[in-house]
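# Chain and residue survey
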Amino acid sequence: MTNRKNILITGASSGIGKALANRYACADSRLILLARNTEKLKQVANSCEQKKAEVIIYSIDITNTEAVQELVANVDAEYPIDLVICNAGVTSVLDDEGHAESWMTISHVIDTNLYGVLATLNPLISELKKRKHGQIAIVSSLAAYYGMPITPIYCASKAALKGYGESLRGWLKQDGIKVSMIYPGFVKSDLSDKFTSDKPFMISPEKAADIIYRGISKNKASISFPFPLNFGIWLLSILPSSLAGWIMGILYGTKKSALNKS
């Protein structure tokens, strides 16, 4: 019997999550894929099974944090997780008039991007510590480095993940648990299609998955892409705030709002 590597991926029905599932699919992998859309999950599963992977799918809303924690705990009890990739996420963009994001929008973004990750990892961390083994990867965004005025709550949620993931890496290192933070720029997806501003250096989900796969394999603390966008955003974070704010204001004024779930 093949000793398969158990890999759990959230937001696996489209975009980066779908591409990662296909990238990790092989005869040595057991993929546990989570997303809301059952039909899309089945399509991803079929593609991965053609590559000889064993695939288990669960249709679940990542914002249902109690259900997510229960599901992840049950899955880990049966298939001890070797790698978890927290990828599920949504975005929100201000409208043309620059109206404040509604509380419903704010709650939805935070519940998905932040609490969804916390609910996924909360039941796993103690088990990984017991096993002295495992790897965690969290998909944040280059927007975590410097907030864009067009997407306030999205940037806030991704910045929170940055701080959380960096803390986990330092905390869990002594237990043999590896943690990588992932900071994508623009990746072609349903989500990016709703972003109405310029999307410089946009890459395909498949290319993003290759970069992430290599970075996780090397246990990189930070996996950011694409260059030179990642360098430019990092540079903004260290420039004087007045200059950085002026540059960002020119690049990203108020645009049409969008909210889309992966």
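Before reading on, note that the structure itself is shown above.
Read on for an overview of the structure. (Residues numbered from 1 in each chain as written. Predicted model: local features only at pLDDT ≥ 70, side-chain atom pairs only at ≥ 80, totals over all residues. Heavy atoms only, no water.)

### Concerning a nonpolar patch on the surface
On the surface, F227, F231, W234, L235 and I238 cluster together to form a nonpolar patch covering roughly 530 Å² of accessible area. Along the polypeptide, W234 turns up in helix α8 (residues 229–238). (Patch = residues over 30% accessible without salt bridge, like charges linked within 9 Å, V, L, I, M, F, W, Y side chains within 5 Å. Areas by Shrake-Rupley, 256 points an atom, 1.4 Å probe, with all protein chains shown as cover. Salt bridge = Lys/Arg side-chain N within 4 Å of Asp/Glu carboxyl O. Helix = DSSP H or I, 4+ residues; strand = E, 2+ residues; numbered from the N terminus.)

### Examining the side chain of N22
By secondary structure assignment, the location of N22 is in helix α1 (residues 15–24). Taking the relative accessible area as the measure of exposure, N22 reaches 14% and is therefore buried. Polar contacts involving the side chain of N22 include one to the side chain of S47, which spans 2.5 Å. Leaving out residues up to four positions away in the same chain, N22 has contacts with V44, S47, C48 and K51. (Buried < 20%, exposed > 50% of the residue type's maximum accessible area, 1.4 Å probe, protein only. Polar contact = N/O pair within 3.5 Å; in protein donor to acceptor, adjacent residues only side chain to side chain. Contact = heavy atoms within 4.5 Å.)

### Considerations on the sheet that holds strand β8 (residues 222–225)
Ordered in space as β3-β2-β1-β4-β6-β7-β8, the seven strands form an open sheet in which the pairing is parallel. Single-partner strands in this sheet number two, and they are β3 (54–59) and β8. Between one strand and the next, the sheet's axes are offset by a mean angle of 15°, whatever the strand orientation. Inspection of the sheet shows strand β1 (residues 5–10) paired to strand β2 (residues 29–35) by six bridges, in the parallel sense. Bridge pairing links K5 to S29 in β2. (Pairing = 2+ DSSP bridges. Axes fitted to C-alpha atoms, helices over the stretch in contact; angles between N-to-C directions.)

### Observations regarding the pattern of salt bridges
Enumeration according to the criterion identifies nine salt bridges in this entry. For D175, the salt bridge is made with K129, and the minimal N-O distance between the two is 2.6 Å. Linking D175 in the loop between α5 (152–172) and β7 (178–184) with K129 in helix α4 (residues 103–131), this pair joins segments that are 46 residues apart in sequence. Between D175 and K132 there is a salt bridge whose closest N-O contact spans 2.8 Å. On the criterion of sequence distance, the pair formed by D175 in the loop between α5 and β7 and K132 in the loop between α4 and β6 (135–139) is long-range, its members being 43 residues apart. D175 sits in the buried class, given a relative accessible area of 7%. One connected set of salt bridges, linked through shared partners, spans R4, R30 and E54.

### Some details on α8
Here α8 has its buried residues at L229, N230, I233 and L236. End-on view of α8: buried residues confined to an arc of 120°, all on one side of the axis. (Arc of directions from axis to C-beta.)

### Focus on the packing of aromatic side chains
Pairs of aromatic rings are described using the distance from one ring centre to the other and the angle between the two planes. Taken as a whole and assessed by the stated rule, the structure comprises three aromatic pairs. Just above the ring of Y213 sits the side chain of R23; from NZ or CZ to the centre is 3.8 Å. Directly above the aromatic system of Y145 lies the positively charged group of K162, at a separation of 4.9 Å from the ring centroid. (Phe/Tyr/Trp six-rings, centres within 6.5 Å; stacked < 30°, edge-to-face > 60°. Lys NZ or Arg CZ within 6 Å of the ring centre and 35° of its normal.)

### Section: the nonpolar core
Counting 50 residues, the largest nonpolar core has V84, L121, I136 and I138 as the members making the most contacts within it. The element contributing the most residues to this core is α4, with 10 residues. Not counting the four nearest positions on each side in its chain, I136 is found in contact with V84, L121, I125, L128, L172, I177, K178, V179 and S180. Counting 32 residues, the second-largest nonpolar core is a separate cluster that includes Y24, V55, I85 and I211. (Core = buried A, V, L, I, M, F, W, Y, C linked by side-chain atoms within 4.5 Å.)

### A few points about the pairing of β6
Among the five residues in β6, five count as buried, and that is most of the element. Of the two faces of β6, the one holding Q135, A137 and V139 and the one holding I136 and I138 are both buried throughout. Note: strand β4 (residues 83–86) against β6, four bridges, orientation parallel. When the sheet's bridge partners are listed, I85 is paired in β6 with A137. Judged from the five bridges that link them, β6 and β7 form a sheet pairing that is parallel. Counted as the bridge partner of V139 is I182 from β7. At this point the chain moves from β6, through α5, to the parallel β7, and the crossover so formed is right-handed. (Right-handed = clockwise from strand over helix to strand, strands pointing away.)

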